[in-house]
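The primary structure of each chain is shown beneath.
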2 protein chains.
Amino acid sequence: MHRQYLTVLLFVFSPLAIVVSEDPLPSWIDGPAKKSIIDFVVDVTTEGSQQYVPPEDRIAVFDNDGTLWCEYPVPNQAAFAFDEIQRLLPANPSWKNDPMVQAAISGDVGTLLKDDHKGLIRILGLTHAGMTVEEFNTRVSKWLESAKHPRFQRPYLETVYQPMLEVLSYLRANDFETWIVSGGGREFMRVFAYETYGIPPQQVIGSHGKLKYELKAGTPVLTKTLETLFVDDREGKPVGIAQSIGKRPIAAFGNSDGDQAMLEYTTIDNPHPSFGLLVHHTDEDREYKYDENPPGSGELKTALEVASLRNWVVVDMKKDWKEVFPASE
Amino acid sequence: MHRQYLTVLLFVFSPLAIVVSEDPLPSWIDGPAKKSIIDFVVDVTTEGSQQYVPPEDRIAVFDNDGTLWCEYPVPNQAAFAFDEIQRLLPANPSWKNDPMVQAAISGDVGTLLKDDHKGLIRILGLTHAGMTVEEFNTRVSKWLESAKHPRFQRPYLETVYQPMLEVLSYLRANDFETWIVSGGGREFMRVFAYETYGIPPQQVIGSHGKLKYELKAGTPVLTKTLETLFVDDREGKPVGIAQSIGKRPIAAFGNSDGDQAMLEYTTIDNPHPSFGLLVHHTDEDREYKYDENPPGSGELKTALEVASLRNWVVVDMKKDWKEVFPASE
């Protein structure tokens, strides 16, 4: 009997021992960035310390494009939209005369972004609205199964950053709630966020149009529209957070000027200890190198300028990360 | 040593024993309504059973007014708005000539609801917008501390239904995520939902205007507006759920026709087992008695008509509840 109890006890207490002894961030090179993440987590989770934050207030928010996965040569969702246009074109021959469709086919992002993203909204209207949420989800899933990143020749879901996956897991193991707060489409990200990041749909904040609900032939149907479009970028990010979460995050992770307002909202005058981090894309060999005046999205200029003033951690992808992507499956 | 281990083991396993043996719904009279709640929870949480639902899909949604707390003689939030008008009137003498302010002062809800709630929106504009979220929260907190329900002479937070508090706790003890989905104001309910119901702000869906974000003198400020007003009632409820949660609930609790779409969305063609419940106000002695053609809000007619067709449980407040309100503090 004695021996049995001992075995049970070891089983009961062993998870704790593992958490304490294992490196929670094995893909991070030992250095100030890695240390700052671990120090913050230890500080806010140590009961009795002045920095302690109760679990219900441990909210961490993550940008997606360029922070959790690659956003070059175009954001993955734009690649999806362009591929969808190509796929749907034979059934919609009139689209050929649409200059915005032409721009999408040729990958001419500049034209699509002109006049307040007029072209992009046109393309979103053709590929992201007017169908049920279910139908849209199926389209995204099929695309994710087959499409590959043009440079890395791996599925887009394998262009996620291994070191950031480890940060997500590490935070959750310490009772943080992890949220995506991205300019990307809410319904688009929800298709893969749980499987890929461990983030359930209710913790995905993104750009979106209003959904429409009706009973069709007695069955509940939700349709995607572009009505009352909410753009979850720049000042939209704190708005999205306040609307969906209703409390201030204590940690925010981004990579561009589009994330500056979110990091400011998280770290300025926060009654709790807080943490801000910017991923700086410095690695043209393993990924991409860009900040000011990038060829596409993800400009990082003003946020980088205020980073040291705000005590935000700036991750040098080349120097701080042992691996960029997960091992290919 | 042996004895020590035994003590530890008893400590480790005792919570389980308590859950199994104690009545999770002590304020419910033993009968079909109580049994149906417990049967559903046991079914979906029994691993290996055909009815099993994994924890991440155990989403339960609750209407607030008339389902979790009293909504008579006027919804509590309307009482707050009317009291606020009275409080702010001396500083805003010009309001006196506003017919909608006059209607609010005299509690004339009928006039406020005319012309698509024109008057109500006017009153909301004076009491629920144009201030920071922080300032609004302070106003609600102060009011909740001092105001009393006119009939029951107890604070409004003590007009919650004890049997429903037990359902919330019981579901959470079985790894359900519990959400409020109410026509009431999102920011209003977030002030007290965690303390009162154990529901954190990120699980409160309600009517709302867009929040505005800015850095004011270097400090993040969020301001309430009535822009792009979202009314979380009737067909708005499944929309709010799909937008904020992104998956179907498996259990829905309401009390009026305003909850019918939410219960339909939860229980029709749900790939998981599902559960719908309506609180029927049948107890004029301990609370109120109303359904069809009520003097105020909370009409229950069409939802009651389809309840048996849909296998929704109808709670007879008088016969099913031992207690209505918690013991007064």
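For the structure, see preceding data.
What you are looking at is a predicted structure, and each value in this text was computed from that prediction instead of being measured. All residue numbers here refer to positions counted from 1 along the written sequence of the relevant chain. Each chain gets a letter, beginning with A, and each ligand a number, beginning with 1, in the order they are written. This being a predicted model, a pLDDT of at least 70 is required before a residue's local features are given, and a value of 80 or more before pairs of side-chain atoms are given or counted; all residues contribute to the totals for chains, interfaces and linings. Calculated side-chain values reflect all of the structure's heavy atoms, with hydrogen atoms and water omitted.

Let's shift gears to the interface of chain A and chain B. Counting from both sides, the interface comprises 43 residues of chain A and, opposite them, 44 residues of chain B. Accessible-area loss on putting two parts together, using a 1.4 Å probe and summing over both, is the definition of buried area adopted here. Carbon and sulfur atoms make up 64% of the area that chain A and chain B hide from each other, which totals about 3600 Å². Salt bridge, as used here, is a side-chain nitrogen of Lys or Arg placed within 4 Å of a carboxyl oxygen of Asp or Glu. At the boundary of chain A and chain B, one finds zero salt bridges. For the purposes of these results, a polar contact is taken to be a pair of N or O atoms within 3.5 Å, where, inside protein, one atom must be able to donate a hydrogen and its partner to accept one; residues adjacent in sequence count only when each atom of the pair is a side-chain atom. There are 14 residue pairs in polar contact (both at pLDDT 80 or more) connecting chain A and chain B. Listed by contribution, the elements that provide at least two residues to the side of chain A that touches chain B are α1 (2–21), β2 (177–185), α8 (186–190), β4 (211–216), β5 (219–224), α10 (236–244) and α11 (260–267) of chain A. By residue number, the principal contributor to the side of chain A that touches chain B is α1 of chain A, which donates six residues. Charged residues are taken to be Asp, Glu, Lys and Arg, nonpolar residues to be Ala, Val, Leu, Ile, Met, Phe, Trp, Tyr, Cys and Pro, and polar residues to be all remaining types, Gly included. Split into classes, the residues belonging to the side of chain A that touches chain B amount to 23 nonpolar, nine polar and 11 charged. Any pair of residues with heavy atoms lying within 4.5 Å of one another is described as a contacting pair. Segments assigned H or I by DSSP are reported as helices when at least four residues long, segments assigned E as strands when at least two residues long, and all are numbered from the N terminus.

A few words on the nonpolar core. Membership of the largest hydrophobic core comes to 70 residues, with the highest contact counts inside it found for Trp-28, Phe-62, Met-164, Phe-188, Tyr-197, Phe-253 and Trp-321 of chain A. Each residue touching Phe-253 of chain A, except ones within four places of it in the same chain, is listed here: Ala-60, Val-61, Phe-62, Asp-63, Thr-67, Met-164, Val-167, Leu-171, Met-262, Leu-263, Phe-275 and Leu-277 of chain A. Take the buried residues of types Ala, Val, Leu, Ile, Met, Phe, Trp, Tyr and Cys, join any two whose side-chain atoms come within 4.5 Å, and each joined set is a nonpolar core. Using a 1.4 Å probe on the protein chains alone, a residue whose accessible area is under 20% of its type maximum counts as buried, one over 50% counts as exposed, and one in between counts as partly exposed.

Another aspect to go through is the pairing of strand β4 (residues 211–216) of chain B. Residue and element names in this part refer to chain B. A pair of strands is labelled paired if DSSP reports no fewer than 2 bridges between them. Note that β4 and strand β5 (residues 219–224) share six bridges and pair antiparallel. Bridging from a neighbouring strand, Leu-215 pairs with Pro-220 of β5. Joining the antiparallel neighbours β4 and β5 is a turn of two residues, in which Ala-217 adopts a positive phi near 50°.

Before going further, it helps to examine the relation of the copies chain A and chain B. The copies were overlaid by least squares, fitting only the C-alpha atoms of residues that reach a pLDDT of 70 or more in each copy. Mapping chain A onto chain B is achieved by rotating through 180° and translating by 0.0 Å along the same axis, at an RMSD of 0.0 Å. On the angle and the small slide along the axis, the relation comes out as a two-fold axis. Taken together, the interface assignments show that 100% of the residues at the interface of chain A recur at the interface of chain B, consistent with an identical surface on both copies.

The subject of this paragraph is a nonpolar patch on the surface. Patch members must show over 30% relative accessible area and no salt bridge, and they are joined within 9 Å when carrying like charges or within 5 Å when they are nonpolar side chains of Val, Leu, Ile, Met, Phe, Trp or Tyr. Accessibility throughout is a Shrake-Rupley quantity obtained with a 1.4 Å probe, and a residue counts as covered only by protein chains that appear here. Together, Ile-121, Leu-229 and Val-231 of chain A give the surface a local cluster of nonpolar side chains, amounting to about 230 Å² of exposed area. Considering the arrangement of structural elements, one finds Ile-121 of chain A in helix α5 (residues 109–127).

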